[in-house]
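Breakdown of the fold
Residue-level listing of the chains:
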There are 2 protein chains.
Amino acid sequence: MTAIPQPHPKLGALIDALGDVPVVTEAATVRKRSRDFFWYSPILNAQLHGKSADVLVSPRTEAEVMRVAAACARFGVPITPRGAATGNYGQAVPLHGGVLLDLSGLTEVEWVRGGVVRCGPGLVMSELDAMLAPQGLEQRLHPSTKRRATVGGFVAGGSGGIGSITYGGLREPGNIRAARIVTVEPEPHAIELRGDAAQKVNRAYGTTGIITALEMPLAPAWPWVEMIVAFDTFAGAMAFGHAAALADGIVKKLIAPIAWPLPSFFAEVRPFCPEGRAVLIVMVAEASVESFKALLGGDGDITLERPASDAPGQTPLYEYTWNHTTLQMLKADRGVTYLQCLFPHDRVLESVGEMCAMFPEELLGHCEFIRFGGRVTASALPVIRFSTPERLDAIMALHEAHGVMIANPHVMTLEDGSRHKRADADQIGFKREVDPMGLLNPGKMRSFVPAPRA
Amino acid sequence: MTAIPQPHPKLGALIDALGDVPVVTEAATVRKRSRDFFWYSPILNAQLHGKSADVLVSPRTEAEVMRVAAACARFGVPITPRGAATGNYGQAVPLHGGVLLDLSGLTEVEWVRGGVVRCGPGLVMSELDAMLAPQGLEQRLHPSTKRRATVGGFVAGGSGGIGSITYGGLREPGNIRAARIVTVEPEPHAIELRGDAAQKVNRAYGTTGIITALEMPLAPAWPWVEMIVAFDTFAGAMAFGHAAALADGIVKKLIAPIAWPLPSFFAEVRPFCPEGRAVLIVMVAEASVESFKALLGGDGDITLERPASDAPGQTPLYEYTWNHTTLQMLKADRGVTYLQCLFPHDRVLESVGEMCAMFPEELLGHCEFIRFGGRVTASALPVIRFSTPERLDAIMALHEAHGVMIANPHVMTLEDGSRHKRADADQIGFKREVDPMGLLNPGKMRSFVPAPRA
Ligand SMILES: Cc1cc2nc3c(=O)[nH]c(=O)nc-3n(C[C@H](O)[C@H](O)[C@H](O)COP(=O)(O)OP(=O)(O)OC[C@H]3O[C@@H](n4cnc5c(N)ncnc54)[C@H](O)[C@@H]3O)c2cc1C
Ligand SMILES: Cc1cc2nc3c(=O)[nH]c(=O)nc-3n(C[C@H](O)[C@H](O)[C@H](O)COP(=O)(O)OP(=O)(O)OC[C@H]3O[C@@H](n4cnc5c(N)ncnc54)[C@H](O)[C@@H]3O)c2cc1C
């Protein structure tokens, strides 16, 4: 039994101060909206069970965001931003109640020009792409949750995804042009973070300001073709995937090798995943399909090939990749969880092979080829058969001991998530400026100590 | 004095057989058109002096190309294709007289769709880009001779250039979609080479068929900004250039570090090249300029920044890069020549540094960052103060001994040009099919032995 948490004592006063900004206090709804996909991790699932905001607030404009921020600062109420709550580590779960700030109403597209869009943070990523398509443009990167996730949630909580094989992750200079944020103070103000400075909000879990607008660079919206290619072995899928990843003349968006039995959980496309074989899921520009096939030669068998689409009615193949791979299996088997790995670029195939060999029973191989710091390498989201927290930690430690970087998805603070690192010095310093009282998503930036109250 | 070469004995009969295909026999004109930029090399300049075709033939359609090919096969007359003759190794210089086949009349654009253009080989590359621009498209790669060179000459003679920092060279799978060629036989036929097979004509110097159409994949025509950035040292320009080359979020087309005193020869833009300093010439998408500057920080000084344009009236900055860098100095000083190097990707800065230190007096540093086999590395076209052929060879040998690959630009056969290699096995075998008598650009594919006459 969880103790029923008490709402913040100043809640009534706070709500009064919000005027006509839409508010929901009905407990079941607020509690439901306070969850994200933390249940992927058995560890976080236990820790975050029952956490909830006290009130859901849904501003429609930046002015209304400021009004909420001012009220929260005045009454010392925590404030946790929320996009679509598709995050994996409880990023959008309020640890200390207070306001759950639903940003999904900020959906204005201010302008599109010179290959850049400026828009509100609440736009659903697939909807933004649909709006950009007539101009031949689309977002450079998106998570596999594109059809639900918001642009702001991706910038504040995500790292990369479909498109990262060409552009790298959000952390690469140039992938976020600018962010506009609102501070949490009695008199909030807006700050424009341009270029490098925008990294201060990237993957900061909403602890360093409320994003109210983003300027994102775009990519050409080629007609994309999605394919499933079957290989006898995971190593075969890896080797060809690597070759394709290195082929700069082949324009691509996704290269995901996935070991059997993971494809056996792939619902709708199960018929295209031959029993016992590994698959490679790819998205290639139509103009490059012929060259892709020439490179493939007789190495693998294309079992499915069709135009890619985000439209309702067909599940896009990318929803079997990135962290959706894990989800497909979790739907059938709650006894598994996953890791997030980054392999050394200069021995990527060897290193992946070593890890597969080291955990033959526990680890189901799944990689994503990406660019990282200008080099082609593989990240991985292998599925792990869970036994105990200690064993999970041992598996991660063994990866690290063999030169594989781990971003721990079983912790809720941003520092622990990136293992070896503390919060970015810049981010902590910046937080002091924009959220001096530490009201934004408290508990997620562990190293931050709020300034003493005056 | 060169002996006056005798025209081919069957020349008259051949010309008769051509019907109304335009022909020029006036010796001065034919001789002038039989030259390319081989004079960059003091060695080739001596060897190729006075070489000329007997007749210049300018077909306007594929049917006319076939008619020429048939006549040449019937009378055993050599046939050397010519685009704009901007090649550097006498590629388009007929060694054994005969027909100089001017393809610049084949300029039809058949179609543009799905990010691909299909067009005649004779189109000047800047003109093709001008036609594509209204659709937001452009060619992926072009040589620095874009304003003169033809699409067909680039595919048959070139390797890469502006754009290779994103797409690699022409050799990368996917960068040539298809080529249509005409064979040289009494009854010529056309062959469509798709995908990988198109590599049979890439950099084959026109020895493996006469290209009559090409299918080339395209890139988005971003608004490009060109800049000159000054650095105190060449090493500084190299280090920042490398960082920019690795920044996948910064969309770019050109990153060329050039050591002093080369910029002192840069005519129109000389005022933007500060005395004694190295420069970096770049082309960056407008949307990425801000991030580029953030990455630069205080490292270098931007002395010129303007929208890039191929239009007449302003020399595009790319005409100071790639092999134009050499040209700018050669205009003032015929005592220099150049090399073509490829540095190892895993120690590119060290390796370039070693070579600069090894030849402090003779070598003027000039690199081009590119992707090669999926890795960011630097190619180089350093300017060399020429003393003797032996010394030039020694300098190349020393590069190779230190792990730098050399493509020798002082030889006229395609085998010698790539040093360690023989002609691609595929290309030789293929030549037997399409040019059994060895009439196409004879002498350029050294390892080819024509089939004995029946
Ligand atoms: C099946 C599955 C697959 C996934 N695949 C990927 C993937 O491929 N790549 C990837 O990077 N992630 C992936 N994720 C994680 C997540 O879906 C993405 O990061 C997504 O972009 C989050 O967007 P969201 O709108 O749901 O954000 P939310 O989950 O609502 O928020 C994420 C974080 O951002 C903060 N935030 C949201 N909006 C704002 C704002 N306006 N201002 C300040 N802070 C804000 C929140 O407080 C929270 O800390 C996956 C998750 C699942 C469940
Ligand atoms: C200043 C300068 C800078 C340069 N920079 C670059 C550079 O950046 N990158 C690069 O790769 N090269 C470069 N080059 C070399 C050259 O300019 C390019 O390769 C150019 O693309 C050649 O095109 P062209 O039309 O002039 O071809 P040509 O010189 O006319 O021909 C090149 C070769 O192709 C053959 N050929 C031409 N058309 C056909 C056809 N239709 N069918 C079959 N064979 C054919 C010819 O026989 C010849 O062997 C440079 C040269 C100079 C002088």
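Just so we're clear, the structure is a prediction, and the values are computed from it rather than from any experiment. (Residues numbered from 1 in each chain as written. Chains lettered and ligands numbered in written order. Predicted model: local features only at pLDDT ≥ 70, side-chain atom pairs only at ≥ 80, totals over all residues. Heavy atoms only, no water.)

On the surface, Asp 346 and Glu 350 of chain A together with Asp 346 and Glu 350 of chain B cluster together into a patch of negative charge. Among the structural elements, Asp 346 of chain B can be located in the loop between β16 (341-342) and α11 (348-358). (Patch = residues over 30% accessible without salt bridge, like charges linked within 9 Å, V, L, I, M, F, W, Y side chains within 5 Å. Areas by Shrake-Rupley, 256 points an atom, 1.4 Å probe, with all protein chains shown as cover. Salt bridge = Lys/Arg side-chain N within 4 Å of Asp/Glu carboxyl O. Lys, Arg positive; Asp, Glu negative; His and termini not counted. Charge placed at Lys NZ, Arg CZ, Asp CG, Glu CD. Helix = DSSP H or I, 4+ residues; strand = E, 2+ residues; numbered from the N terminus.)

Attention now goes to the relation of the copies chain A and chain B. Of the two same-sequence chains, chain A is brought onto chain B (RMSD 0.0 Å, axial shift 0.0 Å) by a rotation of 180°. As the rotation angle and translation indicate, the two copies are arranged about a two-fold axis. Looking at chain A, 100% of its interface residues are interface residues in chain B too, so the copies touch through the same face. (Least-squares fit on C-alpha atoms with pLDDT ≥ 70 in both. Contact = heavy atoms within 4.5 Å.)

Before going further, it helps to spend a moment on the domain arrangement of chain A. Residues and elements named next belong to chain A. Per the domain assignment, the segments of chain A are domain 1 (11-102), domain 2 (109-220 + 424-434) and domain 3 (224-406). Computed over C-alpha atoms only, the centres of domain 2 and domain 3 are separated by 26 Å. Tallying the contact residues gives 20 residues for domain 2 and 26 residues for domain 3. Together domain 2 and domain 3 conceal approximately 1,700 Å² of surface at their shared face, both sides included; 51% is due to carbon and sulfur atoms. Summed over the three residues of domain 2 that lose the most area to domain 3, namely Ser 144, Arg 147 and Ile 165, the buried surface amounts to 44% of that side. Counting every contact that joins domain 2 to domain 3 gives three salt bridges. (Domains from an automatic or database assignment. Buried area = accessible area lost by both parts, 1.4 Å probe.)

Next up on the list: the site of ligand 2. All names here are of chain B. Around ligand 2, the surrounding shell holds 37 residues, and the nearest of these are Pro 81, Gly 83, Thr 86, Thr 150 and Gly 160. Between ligand 2 and Ala 84, the relevant distance is 2.9 Å, taken from an oxygen atom to a main-chain nitrogen or oxygen of the residue. The separation between an oxygen atom of ligand 2 and a polar main-chain atom of Tyr 205 is 3.2 Å. Alone, ligand 2 offers 970 Å² of accessible surface; in the complex the protein occludes 97% of this. Broken down by secondary-structure element, the contributors of at least two residues to the shell around ligand 2 are β3 (79-82), α6 (151-157), β10 (210-220) and α10 (323-332). Residue contributions to the shell around ligand 2 peak at five residues, all from α6. Split into classes, the residues belonging to the shell around ligand 2 amount to 17 nonpolar, 19 polar and one charged. (Near = heavy atom within 4 Å. Polar contact = N/O pair within 3.5 Å; in protein donor to acceptor, adjacent residues only side chain to side chain. Nonpolar A, V, L, I, M, F, W, Y, C, P; charged D, E, K, R; others polar.)

In this fold, Asn 323 of chain B is placed in helix α10. Excluding residues that lie within four positions of it along the chain, Asn 323 of chain B makes contacts with Tyr 40, Asn 88, Ser 144, Tyr 338 and Leu 381 of chain B.

Right, let's get into the pairing of strand β11 (residues 224-231) of chain B. Residue and element names in this part refer to chain B. A large share of β11 lies buried, amounting to eight of its eight residues. Burial along β11 is two-sided: the residues Trp 224, Glu 226, Ile 228 and Ala 230 and Val 225, Met 227, Val 229 and Phe 231 are all buried. As paired strands, β11 and strand β13 (residues 278-285) are joined by eight bridges and run antiparallel to one another. Of the residues in β13, the one forming a bridge with Trp 224 is Ala 285. Pairing between β11 and strand β14 (residues 301-307): six bridges, direction antiparallel. Note on β14: the bridge partner recorded for Ile 228 is Leu 304. (Buried < 20%, exposed > 50% of the residue type's maximum accessible area, 1.4 Å probe, protein only. Pairing = 2+ DSSP bridges.)

Another point: the interface of chain A and chain B. If you look at the interface, chain A gives 40 residues, while chain B gives 40 residues. Carbon and sulfur atoms supply 54% of the area buried between chain A and chain B, which totals about 2,900 Å² over both sides. Considering only the surface of chain A that becomes buried against chain B, Trp 222, Asp 248 and Glu 290 of chain A emerge as the three largest contributors, covering 20% of it. Its salt-bridge partner being Arg 194 of chain B, residue Glu 290 of chain A comes within 2.4 Å of it at the nearest N-O pair. Listed by contribution, the elements that provide at least two residues to the side of chain A that touches chain B are α7 (164-167), β10 (210-220), α8 (234-246), α9 (289-296) and β19 (375-380) of chain A. Here the side of chain A that touches chain B takes four residues from α9 of chain A, the largest share from any one element. Class assignment for the residues of the side of chain A that touches chain B results in 17 nonpolar, 13 polar and 10 charged.

The next thing to look at is the site of ligand 1. All names here are of chain A. Taken together, 37 residues sit near ligand 1, with Pro 81, Gly 83, Thr 86, Thr 150 and Gly 160 positioned nearest. Gly 83 places a polar main-chain atom, nitrogen or oxygen, 2.7 Å from an oxygen atom of ligand 1. Its free accessible area being 960 Å², ligand 1 has 98% of it covered by the protein chains. Of all the elements in the fold, those that place two or more residues in the shell around ligand 1 are β3 (79-82), α6 (151-157), β10 and α10 (323-332). No other element matches α6, which puts five residues into the shell around ligand 1. Of the residues belonging to the shell around ligand 1, the class tally is 17 nonpolar, 19 polar and one charged.

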